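Below, each chain spelled out in residue letters.
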Amino acid sequence: MKKVIKIQKPKMPIHFEECNDVINEILDNEKLEEIVVKDYKIEGIEDLCVTLDSCMFSNVVFEYCDFRKIDITDVIFENCDLSNINFSYSSLYRVEFINCKLTGCNFNDSTLKSVVFRNCLGRYSNFAFSKFSGVSIANSDFSFAVFQEIQNETLLLDSNNLTKSIFSGTALNNVDLANSYIDGIEVSIKDVYGGTFSENQALNLSKLMGIIVK
């Protein structure tokens, strides 16, 4: 039986600090801690090993940032635009993305533990070769996204658009895709073993096995 992993919510501080110059704070210290950032643009952050701890970002736009190897713990992103940001080789623990734009984001080779994506636009995003340990994606558009060769301990999917997404090499055992759109999904026979699919989805996936249904 597959181990059930509980998705933990971010642990937020009772009081947030105010920061008048977020960009220089990151450039000087490579860290934001117990800070709330609202209605702001963060741009031009690169070549740094950044840490975000116990922060909240609301209505924040991230542009021209390279966050590879970033460490994000107990952070909420709400109504943020993180399109095309590079999060590769990173660690995310107890993180929520709520109503965020994640188009073209790169999370490849990252570790995601207790991470929630809800009402997000994540078309063309890339999670290849990452490790999922309690990841929930709900009411979101991750069409054309790449979930290839993921080490999947727990992935919860609910009412998503996964059209033409790539799951090759990712075990879907105990993953429920029945109420998501998976037209044109790229997956192998061994990957779908133990997954839950709707009747129409199962008929389409039967083509992988060369079965002709009359």
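Just so we're clear, the structure is a prediction, and the values are computed from it rather than from any experiment.

## Focus: the pairing of strand β5 (residues 91–98)
Most of β5 is tucked away, with 6 of its 8 residues classed as buried. Sheet topology places strand β4 (residues 71–78) next to β5; 7 bridges connect them, and they run parallel. For D71, the partnering residue across the bridge sits in β5 and is S91. Relative to strand β6 (residues 111–118), β5 runs parallel, the two being bridged by 7 bridges. Note on β6: the bridge partner recorded for I98 is R118.

## Re the pattern of salt bridges
Side-chain pairing between opposite charges can occur once the charged atoms of the two side chains come close. Taken as a whole, this structure holds 7 salt bridges when the rule is applied. One salt bridge in this structure joins K41 and E63, with 3.6 Å as the shortest N-O distance. Of this pair, K41 sits in strand β2 (residues 36–43) while E63 sits in strand β3 (residues 51–63); the two residues are 22 residues apart in sequence, bridging distant segments of the chain. We classify K41 as partly exposed; its relative accessible area is 40%. As a salt-bridge pair, R123 and D141 come within 3.8 Å of each other at their nearest N and O atoms.

## Here we look at helix α1 (residues 22–29)
For α1, the set of buried residues is V22, I23 and I26. Projection of α1 onto a plane perpendicular to its axis shows the buried side chains occupying an angular sector of 105 degrees, all on one side. Looking at the buried residues of α1, the elements they touch are β1 (31–33) and β2. Immediately beyond the C-terminal end of α1, within one or two residues, lies E30, with a positive phi of roughly 60 degrees.

Rules and cut-offs
For every chain, the first residue of the written sequence is number 1, and numbering continues from 1 along that sequence. Only residues with pLDDT of at least 70 are given local features in this predicted model, and only at 80 or more are side-chain atom pairs given and counted; all residues enter the totals for whole chains, interfaces and linings. Side-chain metrics rest on all non-hydrogen atoms present in the structure, leaving aside hydrogens and water. Exposure classes here rest on a 1.4 Å probe applied to the protein chains alone. A residue is buried below 20% of its type maximum, exposed above 50%, and partly exposed in between. For helices the rule is a DSSP run of H or I covering at least 4 residues; for strands it is a run of E covering at least 2, with both sets numbered from the N terminus onward. For two strands to pair, DSSP has to find at least two bridges joining them. Salt bridges are identified by distance alone: a Lys or Arg side-chain nitrogen within 4 Å of an Asp or Glu carboxyl oxygen. The directions considered for the arc run from the helix axis to the C-beta atoms. Residue contacts are defined here by distance: any two heavy atoms, one from each residue, within 4.5 Å place the two residues in contact.

By themselves, these figures tell us nothing about what the structure is for.
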